[in-house]
Amino acid sequence: QLHLVESGGGLVQPGGSLRLSCADSKPTSLSYYTVRWYRQSPGEQRELVAGSGSGGSTDYAHYAQDRFTISRDTAKKTVYLQMDNLKPAETSTYYCHAVLVGFTYWGQGTQVTVSP
């Protein structure tokens with residue numbers, strides 16, 4: 001069983017960058033898991049931001065394709081989401097999600113605030 005922990009959120013100015021991290025607290029390797037980042041704002045549905053398959057594939061929401069990068073550090077057992085050129089509308093809580101053979105896990109989320 002995983003206990004996912006996100007970190008790296010915070011306050012950033014429009015056009016700035018943040019790198020979010022997701023790791024298991026034990027830590028357990030995430031190499032065999034499909035790991036995705038989602039975000040959710042108050043009153044909104046949770047939406048997919050980016051995903052990383054265990055075989056190395058990646059996919060992105062249309063708005064994230066040119067500005068966000070999902071990556072893995074196998075040695076550190078961590079999945080990252082690099083976010084560049086952030087916009088105020090992207091203020092949200094960002095969640096890490098891992099799935100393997102029907103077992104799904106969510107982190108508690110990390111807040112990202114984009115504001116002057």
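Further up the page is the structure itself.
Now for a look at the structure at hand. Keep in mind the model is a prediction, meaning the values are calculated, not measured.

With that out of the way, let us pick up the overall build of the protein. Tallying secondary structure elements over the protein gives 0 helices and 11 strands in all. In the protein, the succession of helices and strands from N to C terminus is β-β-β-β-β-β-β-β-β-β-β. The C-alpha atoms of the protein give a radius of gyration of 13 Å, which matches the 13 Å a tight globule of 116 residues would have. Here the protein holds 116 residues, and 41% of them are scored as buried. Residue pairs in contact within the protein that sit at least 24 positions apart in sequence constitute 52% of those at least 6 positions apart. Accessible area of the protein: about 6100 Å², with a carbon and sulfur share of 50%. Here the protein carries 10 positive and 9 negative side-chain charges, and the mean point of each set is 5 Å from the other.

You can see serine 21 is positioned in strand S3 (residues 18-24). Serine 21 has contacts with Val5, Glu6, Ser7, Trp37, Thr78, Val79 and Tyr80, leaving out every residue within four places of it along the chain.

Glancing now at the sheet that holds strand S1 (residues 4-7). With antiparallel pairing, the 4 strands of this open sheet are ordered in space as S1-S3-S8-S7. Looking along the sheet, the strands with just one partner apiece sit at the ends: S1 and strand S7 (68-73). Neighbour-to-neighbour, the strand axes of this sheet turn through a mean angle of 20°, independent of strand direction. Where S3 lies against strand S8 (residues 78-83), 6 bridges are found, and the strand directions are antiparallel. Bridge pairing in S8 places leucine 18 opposite methionine 83.

With that settled, consider the pairing of S7. Where S7 meets S8, 6 bridges bridge the pair, whose relative direction is antiparallel. Note that in S8 the partner of arginine 72 across the bridge is valine 79. Two successive antiparallel strands, S7 and S8, enclose a turn made up of 4 residues, where lysine 77 displays a positive phi of approximately 55°.

In the structure shown here, the tally under the stated rule is 4 salt bridges. A single network of salt bridges, built from pairs that share partners, joins Arg39, Glu47, Arg67 and Glu90.

Conventions we followed
Residues numbered from 1 in each chain as written. Predicted model: local features only at pLDDT ≥ 70, side-chain atom pairs only at ≥ 80, totals over all residues. Heavy atoms only, no water. Helix = DSSP H or I, 4+ residues; strand = E, 2+ residues; numbered from the N terminus. Rg over C-alpha atoms; globule rule 2.2 N^0.38 Å. Buried < 20%, exposed > 50% of the residue type's maximum accessible area, 1.4 Å probe, protein only. Contact = heavy atoms within 4.5 Å. Areas by Shrake-Rupley, 256 points an atom, 1.4 Å probe, with all protein chains shown as cover. Lys, Arg positive; Asp, Glu negative; His and termini not counted. Charge placed at Lys NZ, Arg CZ, Asp CG, Glu CD. Pairing = 2+ DSSP bridges. Axes fitted to C-alpha atoms, helices over the stretch in contact; angles between N-to-C directions. Salt bridge = Lys/Arg side-chain N within 4 Å of Asp/Glu carboxyl O.

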